[in-house]
2 protein chains.
Amino acid sequence: MSSCDTCVVRNRAICSGLDDAELVALNNIGRRRNVTAGEPLIWEDDDSLLVANVIEGVLKLTTSTEDGREQIVGVAYPSDFIGRPFGQTSSASVVALTDARVCVFSRNDFDRFARDHPELEHKLLERTLAELDRTRSWMMLLGRKNASEKIATFLLEMSDRLADSGCSAAFGPAKRFSLPFSRQQVADLLGLTIETVSRQFTKLKNDGVVELPSRREVEIVNRGALLALAG
Amino acid sequence: MSSCDTCVVRNRAICSGLDDAELVALNNIGRRRNVTAGEPLIWEDDDSLLVANVIEGVLKLTTSTEDGREQIVGVAYPSDFIGRPFGQTSSASVVALTDARVCVFSRNDFDRFARDHPELEHKLLERTLAELDRTRSWMMLLGRKNASEKIATFLLEMSDRLADSGCSAAFGPAKRFSLPFSRQQVADLLGLTIETVSRQFTKLKNDGVVELPSRREVEIVNRGALLALAG
DNA sequence: TTGCGTTTTTGATATCGGTCAAGGTGGGGG
DNA sequence: CCCCCACCTTGACCGATATCAAAAACGCAA
């Protein structure tokens, strides 16, 4: 096992509570793939390549209307599973936001492995339930929050999910971080236009709530104000 | 086994593909509860009452902001599971839209049962994944569709989910059906106000796309037009 | 460094849907 | 049978956000 694998396993074990031995076994039936920022993950590679495990990087799951409107319906971080096990087709397409490494499985391989490892399937269920919860609270945001509430909620979520090094949650929310999203992608995540996102960022900066050292960098100056705005 | 149980099992077996024997066994460790329309399902009944299986009726899952804005984040139909197995707390509250019968389980009972029946847990995973897919396509609606697209999508989804008798999907979409939602609830589902919902309904009626024989009744006159509007 | 293409910001204006307000409607209980 | 109350519809108006347009900032490569 390379040091890289060790890192992956450790990272996942810490972040997700998944069992080391099973993960190593799972790793062995998958194929590594590198994806560069902006590149889509093609599912129809061979017969049916349906499931993947994120090792490093951030990817977006999106759905689009025919006329080009896009909505980001999920974001996959290291240790997250993406795709749709057990035969059904997934409606979302997957694109890397940063350079990423993933471990991909054919539908058949993954299915068989999961059947043989109920404990893994149980973990997968727990994670899917957690993802469903996150998705539902995002529905609240999309349906009922206004632009400034959306931006504040987004920045708080980012500061919880991202940190300077690896496994953020253990060290509390990040005060300063680098967004994996362009302004347009933030808009697609929040159901806004790029112009509205830009104006809200500018307003938060002018109000002294955040600093924006560069386009992708954010520093939260007044977390209390953000929490109040997020509602 | 009473005729009622038979009905339940048959209904679920047809609709969801769940296995008869396991469902009967599961039924035996749960407690039946009747809920009248408008009544909430209280989770903290005894120690931790966290999971339920809908037998009959329709229920809504909602989240709310402190200032009273509400978003419906899910709708549970017969054979659906609601609640949050395996310890985590669910953020959504559950209220019956129609008179309903559910089968409730304590967290511990359900957890233990699921551990002993990997096949059931597998089914639960499949359903949770399907629910996640539905939820994600609803995010697209909330974030990127306008009022008339939302209403058209909603009516089509209702016609797919509801039919005059039991298990709709097998008989194709319903042309005429009875909404389990008030206008306000439709608004909470679509991220609109009640006034906007009302105006859009009126417009569809005036355009000859639907008939509205009464407040809760809908007849789809021109399904093609609805499909075009839904985008 | 300079130049160019892309992304972001800023400004002006339009519009969709929200808000406020005033009837209308229907169904259940007295 | 009628009344009342909750629910729904309609109208007038307003404001937040989208749209359209242009300038500015950034990043990369020559």
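Residues numbered from 1 in each chain as written. Chains lettered and ligands numbered in written order. Predicted model: local features only at pLDDT ≥ 70, side-chain atom pairs only at ≥ 80, totals over all residues. Heavy atoms only, no water.

**Q** What exactly am I supposed to notice about the overall build of chain A here?
**A** When its secondary structure is counted, chain A shows 8 helices and 11 strands. Evaluated residue by residue, chain A yields a buried proportion of 52% over its 231 residues. Long-range contacts, defined as pairs at least 24 residues apart, comprise 67% of the intrachain contacts of chain A with a sequence gap of at least 6. Put simply, chain A shows about 10200 Å² of open surface, and 49% of that area lies on carbon and sulfur atoms. (Helix = DSSP H or I, 4+ residues; strand = E, 2+ residues; numbered from the N terminus. Buried < 20%, exposed > 50% of the residue type's maximum accessible area, 1.4 Å probe, protein only. Contact = heavy atoms within 4.5 Å. Areas by Shrake-Rupley, 256 points an atom, 1.4 Å probe, with all protein chains shown as cover.)

**Q** When you look at the relation of the copies chain A and chain B in this model, what are you seeing that I'm missing?
**A** Note on the chain copies: they are related by a rotation about an axis and a translation along it. Mapping chain A onto chain B calls for a screw motion: a turn of 180° about the axis and a shift of 0.0 Å along it, with 0.1 Å RMSD after fitting. A rotation of that kind, with that shift, is consistent with a two-fold axis. (Least-squares fit on C-alpha atoms with pLDDT ≥ 70 in both.)

**Q** Would you explain the interface of chain A and chain B in this entry?
**A** Where the parts come together, the accessible area they lose is often given as the size of the interface. At the junction of the two partners, chain A supplies 44 residues and chain B supplies 44 residues. A buried area of about 4100 Å², summed over both sides, lies between chain A and chain B, and 59% of it is on carbon and sulfur atoms. Three residues stand out in chain A for area buried against chain B, namely Arg136, Met139 and Arg144 of chain A, and they jointly supply 19% of the buried area on that side. Taken together, the links from chain A to chain B amount to 10 salt bridges. Across the pair Arg69 of chain A and Glu149 of chain B runs a salt bridge whose closest N-O atoms are separated by 2.7 Å. For the interface between chain A and chain B, the tally reads 22 residue pairs in polar contact (both at pLDDT 80 or more). (Buried area = accessible area lost by both parts, 1.4 Å probe. Salt bridge = Lys/Arg side-chain N within 4 Å of Asp/Glu carboxyl O. Polar contact = N/O pair within 3.5 Å; in protein donor to acceptor, adjacent residues only side chain to side chain.)

**Q** How should I be thinking about the protein's contact with DNA strand D in this particular structure?
**A** In the vicinity of DNA strand D lie 17 residues, with Ala147 and Thr196 of chain A together with Ser198, Arg199 and Thr202 of chain B positioned nearest. The sugar-phosphate portion of DNA strand D accounts for 63% of its atoms within 4 Å of the protein, the bases making up the rest. Within the contact set of DNA strand D, a phosphate oxygen lies 2.9 Å away from a side-chain nitrogen or oxygen of Ser198 of chain B. Arg199 of chain B is positioned such that a nitrogen or oxygen atom in its side chain is 2.9 Å from a base nitrogen of DNA strand D. Secondary-structure elements contributing two or more residues to the surface near DNA strand D are helix H7 (194-206) of chain A together with helix H6 (183-190) and helix H7 (194-206) of chain B. At 4 residues, the largest contribution of residues to the surface near DNA strand D is made by H7 of chain B. Looking at the surface near DNA strand D residue by residue, the class counts come to 2 nonpolar, 8 polar and 7 charged. (Near = heavy atom within 4 Å. Nonpolar A, V, L, I, M, F, W, Y, C, P; charged D, E, K, R; others polar.)

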